[in-house]
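Observations on the model geometry
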Amino acid sequence: MPLASATRLESFHAGMHAHKAGNLDEALTHFRAAIEADGSLGADDVSLNLVAGELMVQRGLANEAVGCFQHAIELCAEHNLSAKQQAICQYSLALALEEAGGDEARVEALYRQASGAGLAAAHFNLAGLLGQQVANTSAMEEALELYDKLVRSEPSNPVAWSAMANVLRRRGLRTAAGLARAHALAAAPSDADLWVDMSEAFRKGMQLPPWLAHPETDPWGEKAPQPSGAPGPPDLRSARRCLRRALRLDPDHPQAAHLLAMCDAAMEREAAERAAER
């Protein structure tokens, strides 16, 4: 194997220096020069293609990045690198393909490979991809199983809980979705978006206040209701409290004020209907 030429090695180092300094366009120029130069950096060629590909994705050049990540995967096999390193390359290629609008089946296969090697980010993205397939019941169920594993291993991960709630809502399991959102809130109580999401759960008829659950013993809670139960009537007062909390955290939240006005209007209509019945 030929040794790295000075141009290739120097361009790689110059790119890393520019990248560290925040000069991303300059860094990408150096990385491209390194990739095109003769010679080999050995296993470091994997790092070169990874960092170049990541910059390309950031700069909206996902199609070009796909080539870098594909080459990185080939280099992992050539240099007998670890399964974890290969998984990082597979995950990066999947992200670039998604960004470039590539074949969804290939993206899913790459996420599965990376997830199988234990890469948590790939596990999460695979769940997200499957959870979007609303018409595919088996895909939705697999997504829920993946999220269940994630929240059991990371019970304080608000992103995983919130994503799980979205899939549960698409499956029509409103009570379970509300409970998942409550766990997300418990992990990130200063997140205004999560308070807005929680208000939606109450507006759509969540049956049981989620704080009756016991996440310290079980992520779903010993007293959690059965998710197959029919939704109850809207709880507008609880929804309103959640929205007011969201607005205290973020007075300019783009949805909270509008939803609060809707709650107020609905409560006024209910009050007028009760008065008319007397």
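What this report covers is the structure whose coordinates are included nearby.

1. Notes on unusual backbone geometry
Positive phi is not limited to glycine here, since Asn80 has a value of about 55 degrees. Locating Asn80 in the fold gives a position in the loop between helix 4 (62-78) and helix 5 (83-100). The exposure class of Asn80 is exposed, given its relative accessible area of 68%.

2. Considering the nonpolar core
Residues Phe31 and Tyr111 are the most contacted members of the largest nonpolar core, which totals 80 residues. Look past the residues within four positions of Phe31 in its chain and what remains in contact with it is Phe12, Gly15, Met16, Leu48, Val51, Ala52 and Leu55.

3. Here's the deal with the packing of helix 2 (residues 24-36) against helix 3 (residues 44-58)
The packing of two helices is summarised by the inter-axis angle and the distance between the axes. One way to put it is that helix 2 packs onto helix 3 with a least axis distance of 10 Å and a crossing angle of 135 degrees. By the angle class used here, helix 2 and helix 3 are oblique. Helix 3 is crossed by helix 2, and the crossing has left-handed handedness. Two secondary-structure elements touch here, helix 2 through Leu24, Ala27, Leu28, Phe31, Arg32, Ala34 and Ile35 and helix 3 through Leu48, Asn49, Val51, Ala52, Leu55, Met56 and Gln58. Looking at side-chain class alone, the contact of helix 2 with helix 3 contains 11 nonpolar, two polar and one charged residues.

4. Remarks on the pattern of salt bridges
Under the defined criterion, the tally for this structure stands at 11 salt bridges. The partner of Asp148 in a salt bridge is Arg152, with the nearest N and O atoms 2.9 Å apart. In this pair, Asp148 and Arg152 are both assigned in helix 8 (residues 137-153), four residues apart and thus about one turn of the helix distant. By relative accessible area, Arg152 is classed as partly exposed at 42%. Within the structure, one salt-bridge network assembled from shared partners comprises Glu108, Arg112 and Glu142.

5. Details of the packing of aromatic side chains
Enumeration according to the criterion identifies three aromatic pairs in this entry. Aromatic side chains Phe12 and Phe31 sit 6.3 Å apart centroid to centroid with 50 degrees between the ring planes, which places their arrangement in the tilted category. Placement of the pair is Phe12 in helix 1 (residues 6-20) and Phe31 in helix 2, with a sequence separation of 19 residues. Exposure remark for Phe31: the relative accessible area of 0% places this residue in the buried category. On the basis of an interplanar angle of 50 degrees and a centroid distance of 6.0 Å, the ring pair of Tyr91 and Tyr111 is categorised as tilted. Of this pair, Tyr91 sits in helix 5 while Tyr111 sits in helix 6 (residues 104-116), and the two are 20 residues apart along the sequence. Look at Tyr91 and you get buried, because its relative accessible area is 18%. For Tyr111, a relative accessible area of 0% translates into the label buried.

6. Structural notes on helix 9 (residues 158-170)
Taking 1.5 Å as the rise per residue, helix 9 with 13 residues should run 18 Å; its terminal C-alpha atoms sit 19 Å apart, in good agreement. Of all the positions in helix 9, only Ala160, Trp161, Ser162, Ala163, Met164, Ala165, Val167 and Leu168 are classed as buried. For helix 9, the secondary structure elements touched by its buried residues are helix 7 (120-131), helix 8, helix 10 (174-187) and helix 11 (192-203). The N-cap of helix 9, judged by a side-chain oxygen 3.0 Å from the amide nitrogen of Val159 a few residues on, is Asn157.

7. Description of the environment of His258
Considering the arrangement of structural elements, one finds His258 in helix 13 (residues 256-277). What makes His258 exposed here is its relative accessible area of 53%. Considering only alpha carbons, one finds His258 and Leu243, 15 residues apart in sequence, at a separation of 9.6 Å.

8. Here we look at the packing of helix 7 against helix 8
Between helix 7 and helix 8, the shortest axis-to-axis distance is 8 Å and the interhelical angle comes to 150 degrees. Regarding the angle of helix 7 to helix 8, the classification is roughly antiparallel. In the packing of helix 7 onto helix 8, the handedness of the crossing is left-handed. Here His123, Phe124, Leu126, Ala127, Gly128, Leu130 and Gly131 of helix 7 lie close against helix 8, whose contacting residues are Ala139, Met140, Glu142, Ala143, Leu146, Tyr147, Lys149 and Leu150.

9. What to know about helix 2
An ideal rise of 1.5 Å per residue puts 18 Å on 13 residues; helix 2 measures up with 18 Å between its terminal C-alpha atoms. If you check which residues of helix 2 are buried, you get Ala27, Leu28, Phe31 and Ala34. Take helix 2 and look down its axis: the buried residues cluster within an arc of 120 degrees, on one side only. In this structure, helix 2 carries Thr29 and Glu36 as exposed residues pointing more than 90 degrees from its buried face.

The rules behind each value
- Residues numbered from 1 in each chain as written.
- Predicted model: local features only at pLDDT ≥ 70, side-chain atom pairs only at ≥ 80, totals over all residues.
- Heavy atoms only, no water.
- Helix = DSSP H or I, 4+ residues; strand = E, 2+ residues; numbered from the N terminus.
- Buried < 20%, exposed > 50% of the residue type's maximum accessible area, 1.4 Å probe, protein only.
- Core = buried A, V, L, I, M, F, W, Y, C linked by side-chain atoms within 4.5 Å.
- Contact = heavy atoms within 4.5 Å.
- Axes fitted to C-alpha atoms, helices over the stretch in contact; angles between N-to-C directions.
- Parallel < 35°, antiparallel > 145°, perpendicular 65-115°, else oblique.
- Left-handed = near helix turned anticlockwise from the far one by under 90°.
- Nonpolar A, V, L, I, M, F, W, Y, C, P; charged D, E, K, R; others polar.
- Salt bridge = Lys/Arg side-chain N within 4 Å of Asp/Glu carboxyl O.
- Phe/Tyr/Trp six-rings, centres within 6.5 Å; stacked < 30°, edge-to-face > 60°.
- Expected span 1.5 Å × (residues − 1).
- Polar contact = N/O pair within 3.5 Å; in protein donor to acceptor, adjacent residues only side chain to side chain.
- Arc of directions from axis to C-beta.

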